[in-house]
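# Breakdown of the fold
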Amino acid sequence: MESALTARDRVGVQDFVLLENFTSEAAFIENLRRRFRENLIYTYIGPVLVSVNPYRDLQIYSRQHMERYRGVSFYEVPPHLFAVADTVYRALRTERRDQAVMISGESGAGKTEATKRLLQFYAETCPAPERGGAVRDRLLQSNPVLEAFGNAKTLRNDNSSRFGKYMDVQFDFKGAPVGGHILSYLLEKSRVVHQNHGERNFHIFYQLLEGGEEEMLRRLGLERNPQSYLYLVKGQCAKVSSINDKNDWKVVRKALTVIDFTEDEVEDLLSIVASVLHLGNIHFAADEESNAQVTTENQLKYLTRLLGVEGSTLREALTHRKIIAKGEELLSPLNLEQAAYARDALAKAVYSRTFTWLVEKINRSLASKDADSPSWRSTTVLGLLDIYGFEVFQHNSFEQFCINYCNEKLQQLFIELTLKSEQEEYEAEGIAWEPVQYFNNKIICDLVEEKFKGIISILDEECLRPGEATDLTFLEKLEDTIKHHPHLLTHKLADQRTRKSLGRGEFRLLHYAGEVTYSVTGFLDKNNDLLFRNLKETMCSSENPIMSQCFDRSELSDKKRPETVATQFKMSLLQLVEILKSKEPAYVRCIKPNDAKQPGRFDEVLIRHQVKYLGLMENLRVRRAGFAYRRKYEVFLQRYKSLCPETWPSWAGRPQDGVAVLVRHLGYKPEEYKMGRTKIFIRFPKTLFATEDALEVRRQSLATKIQAAWRGYHWRQKFLRVKQSAICIQSWWRGTLGRRKAAKRKWAAQTIRRFIRGFILRHAPRCPENAFFLDHVRTSFLLNLRRQLPRNVLDTSWPTPPPALREASELLRELCMKNMVWKYCRGISPEWKQQLQQKAVASEIFKGKKDNYPQSVPRLFISTRLGTDEISPKVLQALGSEPIQYAVPVVKYDRKGYKPRSRQLLLTPNAVVIVEDAKVKQRIDYANLTGISVSSLSDSLFVLHVQREDNKQKGDVVLQSDHVIETLTKVALSADRVNNININQGSITFAGGPGRDGTIDFTPGSELLITKAKNGHLAVVAPRLNSR
Ligand SMILES: Nc1ncnc2c1ncn2[C@@H]1O[C@H](COP(=O)(O)OP(=O)(O)OP(=O)(O)O)[C@@H](O)[C@H]1O
Ligand SMILES: [Mg+2]
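My aim in this report is to walk through the structure given alongside it, one point at a time. (Residues numbered from 1 in each chain as written. Chains lettered and ligands numbered in written order. Predicted model: local features only at pLDDT ≥ 70, side-chain atom pairs only at ≥ 80, totals over all residues. Heavy atoms only, no water.)

### A closer look at the side chain of Lys 839
Our working definition: Every helix listed is a DSSP run of H or I at least four residues long, and every strand listed is a run of E at least two residues long, numbered separately from the N terminus. Type-normalised accessible area, obtained with a 1.4 Å probe on protein chains alone, sets the label of each residue: buried when under 20%, exposed when over 50%, and partly exposed for intermediate values. Charged residues are defined here as Lys and Arg on the positive side and Asp and Glu on the negative side; His and the ends of the chain fall outside this count. Think of a salt bridge as a Lys or Arg side-chain nitrogen and an Asp or Glu carboxyl oxygen that are within 4 Å of each other. Polar contact criterion, stated in full: a pair of N or O atoms within 3.5 Å, where within protein one must be able to donate a hydrogen and the other to accept it, and residues adjacent in sequence count only if both atoms are side-chain atoms. Contacts: residue pairs with any heavy atoms within 4.5 Å of one another.
Positionally, Lys 839 belongs in helix α33 (residues 830–846). Buried charge without a partner: Lys 839 forms no salt bridge, and the closest opposite charge is Glu 966, 7.2 Å away. Within the structure, Lys 839 has its side chain in polar contact with the backbone oxygen of Val 857 (distance 2.7 Å). Beyond its immediate chain neighbours, meaning those up to four positions away, Lys 839 contacts Tyr 853, Ser 856, Val 857, Pro 858, Arg 859, Leu 860 and Phe 861.

Structure below.
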């Protein structure tokens, strides 16, 4: 209802108790109309659900809808059948009390539909039982089977239930459906043999003919055409567009399997259905004595087979009546009319008993297989009552009488229970009960069912009394016995004006829901419901297993008259009322919006009529008698606490005190409300609406505040989270850094310690303790060495190796040197090579032997000291083709006077040539050059010794060159006289000409002086250079 409060302006009120003008039927209907227009078919009257048939699929029974209504407060969500379903289920589970949902309304109002939806809700939302989960399917699948056999198209409803149904669903202590049981009430069996225009027989006949396989129809002797069967053509509408018999047949066939029918049982059941059709086609003809004779042999043949009875017995039973007179059995032939009556009676009996059998069979299938288990004892039961609604036709007969009586009983129960519960609530809450004005229909119930004086008693009496009792005698008896009852009228009892509207064979009951005129025709017959004895006997001998269960032989021997139909019905109703009373009731009141079965049409007259006879205004009055609204203190406070500063945002004390403070703050006047023990009762809707409006305004401002607070909170939380994360990351990172540093320090300390230890033990043999140090020293030596390698061959520096690497160091040094040399050698030019070779030869000859050698080392040897232009062409000519390898200016000392003379010394490949200007003065072939002498001092004199025997030669040659080392090296090399150079100390003797030798004396002195000594020797004083 709380949600209804919010939506009230748009679509009326969702709970009629909130109607300001609650006594106005017009206001009531207007509210229904407004909601119906918006496809809101459900409205509450307190806990009672009023439902208007929409005649269209509103898509409001989906799984999502079920979920939406599960476990929520009844009043928090818009009215819905599922809200009732869920409330009932929760009460069943939490209070462990049996519940009953009573669904009422007139034909076509949607009772059966509602029952199915409820079952579907339970099947889909309840937990599955631990064992026997199939019970849910069976509960659901029992419906199509029962509907096929018990429903039919009528003028009011294309799927009208022609029997009353009360179904129990049993739940175990966990709330899982574990079993079920069905009670059926008064099947309208007259429909089997007769239908009004525009109506049909029970669905199963058409379904079988439309959907049954060829082979099956052949076995059953049926044609696929309803027109061929007299029992199906009376209403002249075998085909209806809204019904798909073929599909329905498939559904039924499947359902039969689910509810444990074996193939044989199905065959037996369908044989009976077929036999009813064949019975309808049995014709009689009168013989000469006007006795009826069966003319349709074929039908009889099929019947014999399908029912498993003797052909002749059946034939006799259909045309004769067995009378027992004075203990003797007599067969009296029937006339045409009687035979037809007997045939129809048999058809009705066969069908209705089969229906009863079917219900029992379904019950066996639904019965919990676990009935002996301990959990079974703690089951709770939820009853669903889908019973025919109040019926008023043009022509009302015995059936309508029973149906309307049933509705009277249920209405009485309804009033009793609602008033009772209302009263109990007031008492429980300690609020004074204010009497409610309502019509109590007990007087009508009594009129029908009272012993001796009630209509049923009088009818039974007429049926049982000997003599000629007829429907009219029954009417007379009625008039005699109940003369002045305010709710009964007959032609005789009525006043002048009313009498016109009543036939002589009719009586009128002023039901709580309106007046209904019943025709007494057929009352006795239908109440007696007699089947001729021989027909019964025949059926008792049936070999069809279902038939043999339906017709029990004990029936034949039972002398006691069976109870009349009305009494049986009365008894079953009393039993039903007891069942319902023992349970917590919930109500669904169904309303049919129009007679045309059309969506969107709201027929006000029709609806007003239903509102009246469903007693909805009465119901509302009772509910509103005292207070329009009541709610538990907790709920009320929770909803409205924001309207009072003292109760907002929370109330610490008892909810009741909070509500008291709240209503005082809201300014409720004392007459507007009452405080019960657990609930507040508000008398007028307008008080509640004013509170609701205030709440709406308050909500706006609260919403803004809440939003702001929430945003603040949200962002602060976010900030705190970020801060927390930052701190966390920081501490982690710091930790990581710290740990790394510590690890590094530790490592460093260990390394240093190892190092020191190694250092201490560095001279010890290699062991684990000094291994690191030694390796380190080695490594650092090698690394150091890499940086300090000698740059060239002359660089002799080399780092000092550690003792362990001495050998390696030497090897490396050698390698390095070799490498440098190798590199150097690869890098030098041929000229330089020659230079070096000559230098090497010079070194070989002079090193350590001649004083001025060291000075010559850094001076490069030059290929020649005289260019060809400095040599006389004549000399060149004289040499001819001989090339000059080397030329140098020299001083020649005469052999005799030792006069110095300037000369040129040329080296050719073959000889040393001494040239004076343009003249070759002397040519010494290398072959004749026997040696070369030179002093060890720093002078630059040298003597070329020649072969003495060579006459051409004038003797040895004393020469002086400024480049003595170079010149001598070149001469020695050219003449291959490297080993023939003599370095003399003191003096050199040379051949001064034929038979004459000269001597040169060398003495060290302060400066170079070359003179002819007195002894005839050449005296050379050479400065001391201290180079050696
Ligand atoms: N809630 C609903 N939504 C849609 N259609 C509905 C609803 N209730 C009923 N109907 C339609 O109305 C038809 C008649 O409903 P239903 O058979 O339940 O009536 P009933 O009250 O059981 O009538 P009867 O007393 O004749 O058995 C349904 O076949 C269906 O087409
Ligand atoms: Mg129905």
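### What about the coordination of the magnesium ion (ligand 2)?
We apply this condition: Listed donor atoms are N, O and S within 2.8 Å of the metal (Na, K and Ca: 3.2 Å). As water is not included, a site may look incomplete.
At this site the magnesium ion (ligand 2) is bound by Thr 112 (OG1) and Ser 161 (OG), with donor distances of 1.9 to 2.0 Å. Remark: Ser 161 occurs in strand β5 (residues 160–161) and Thr 112 occurs in helix α5 (residues 111–125); sequence separation between them is 49 residues. Each member of the pair, Thr 112 together with Ser 161, is buried.

### Focus on the environment of Ser 725
Structurally, the position occupied by Ser 725 is in helix α30 (residues 685–760). Ser 725 gets classed as partly exposed once you look at its relative accessible area, which sits at 38%. C-alpha separation for the pair Ser 725 and Val 622, spaced 103 residues apart in sequence, amounts to 64 Å. A distance of 2.6 Å separates the side chain of Ser 725 from the backbone oxygen of Arg 721, its partner in a polar contact.

### Here's the deal with helix α2 (residues 25–37)
Our working rule: How far a helix is expected to stretch is found by multiplying one less than its residue total by 1.5 Å. In this context, the arc is that of the directions from the helix axis out to the C-beta atoms.
Compared with the 18 Å implied by 1.5 Å per residue over 13 residues, the 18 Å span of α2 between its first and last C-alpha is a close match. Those residues of α2 lying buried are Phe 28, Ile 29, Asn 31, Leu 32, Arg 35 and Phe 36. The buried residues of α2 occupy an angular sector of 155 degrees when the element is viewed end-on, so they sit on one face. Those residues of α2 that are exposed and aimed more than 90 degrees away from the buried face are Ala 26 and Arg 37. In this fold, the buried residues of α2 make contact with β1 (42–45), β2 (48–52), β16 (584–591), α26 (604–613) and α27 (616–624). Capping the start of α2, Ser 24 holds a side-chain oxygen 3.3 Å from the backbone nitrogen of Ala 26, two or three residues further along. Phi turns positive one or two residues past the end of α2, at Asn 39, with a value near 65 degrees.

### Focus on unusual backbone geometry
The omega torsion of the bond from Trp 648 to Pro 649 falls at 0 degrees, within 30 degrees of zero and hence cis. Within the secondary structure, Pro 649 sits in the loop between α28 (633–640) and α29 (655–666). Of note in this structure, Tyr 55 is not a glycine but carries a positive phi near 55 degrees. Assignment of secondary structure puts Tyr 55 in the loop between β2 and α3 (63–69). Owing to a relative accessible area of 23%, Tyr 55 belongs among the partly exposed residues under this scheme. The residue Phe 452 is not glycine, and still its phi comes out positive at about 65 degrees.

### A closer look at the pattern of salt bridges
For the structure on display, the rule yields 60 salt bridges. Among the charged side chains, a network of salt bridges with common partners joins Glu 25, Glu 30, Arg 33, Glu 604 and Arg 608.

### Thoughts on the sheet that holds strand β13 (residues 488–490)
Where we set the bar: Strands were regarded as paired on the criterion that DSSP finds at least two bridges between them. To define axes, lines are fitted to C-alpha atoms, for helices over the stretch in contact only, and angles between the resulting N-to-C directions are given on a 0 to 180 degree scale.
Strand order in the open sheet formed by three strands is β13-β14-β15, and the pairing between neighbours is antiparallel. The open sheet terminates on both sides in strands that have one partner only, identified here as β13 and β15 (514–519). Pairs of neighbouring strands in the sheet enclose a mean axial angle of 25 degrees, with direction left out of account. Two strands pair when backbone bridges link them, and strand β14 (residues 506–511) and β15 are joined in this way by six bridges, in the antiparallel orientation. Paired with Arg 508 across the bridge in β15 is Thr 517.

### A few points about the environment of Asn 291
Counting through the fold element by element, Asn 291 comes out in the loop between β8 (284–286) and β9 (292–294). Overall, Asn 291 belongs to the buried group, its relative accessible area being 15%. Sequence separation between Asn 291 and Lys 1012 is 721 residues, and the spatial gap between their C-alpha atoms is 204 Å. Not counting residues up to four positions away in its chain, the partners in contact with Asn 291 are Ala 285, Ala 286, Pro 333 and Leu 334.

### A look at the packing of helix α6 (residues 134–150) against helix α10 (residues 245–258)
Stated formally: Any angle that falls under 35 degrees is termed roughly parallel, while one over 145 is termed roughly antiparallel, one within 65 to 115 roughly perpendicular, and all others oblique. By definition, turning the near helix anticlockwise from the far helix through less than a right angle yields a left-handed crossing, and turning it clockwise yields a right-handed one. Under the grouping applied here, Gly and all other residues not named as nonpolar or charged are polar, the nonpolar ones being Ala, Val, Leu, Ile, Met, Phe, Trp, Tyr, Cys and Pro and the charged ones Asp, Glu, Lys and Arg.
Relative orientation of the contacting elements α6 and α10 amounts to 130 degrees, with a least axis distance of 8 Å. Here α6 is positioned oblique relative to α10, judged by the angle of their axes. Between α6 and α10 the crossing geometry is left-handed. Facing Asp 137, Arg 138, Gln 141, Pro 144, Val 145 and Ala 148 of α6, the residues of α10 in contact are Val 251, Val 252, Ala 255, Leu 256 and Val 258. Residues of the contact of α6 with α10, tallied by class, amount to eight nonpolar, one polar and two charged.

### A few points about the sheet that holds strand β30 (residues 1009–1012)
What holds strands together in a sheet is hydrogen bonding between their backbones, with the strands either parallel or antiparallel. Taken together, the four strands give an open sheet; going across it, the order is β28-β29-β31-β30, and neighbouring strands pair in mixed fashion. Both outer strands of the open sheet, β28 (987–993) and β30, are each paired with one neighbouring strand and no more. Sheet twist, expressed as the mean angle between neighbouring strand axes with direction ignored, is 20 degrees. The pairing of β28 with strand β29 (residues 996–1005) spans six bridges and is antiparallel. In the sheet register, Thr 989 faces β29, and the bridge partner there is Thr 999.

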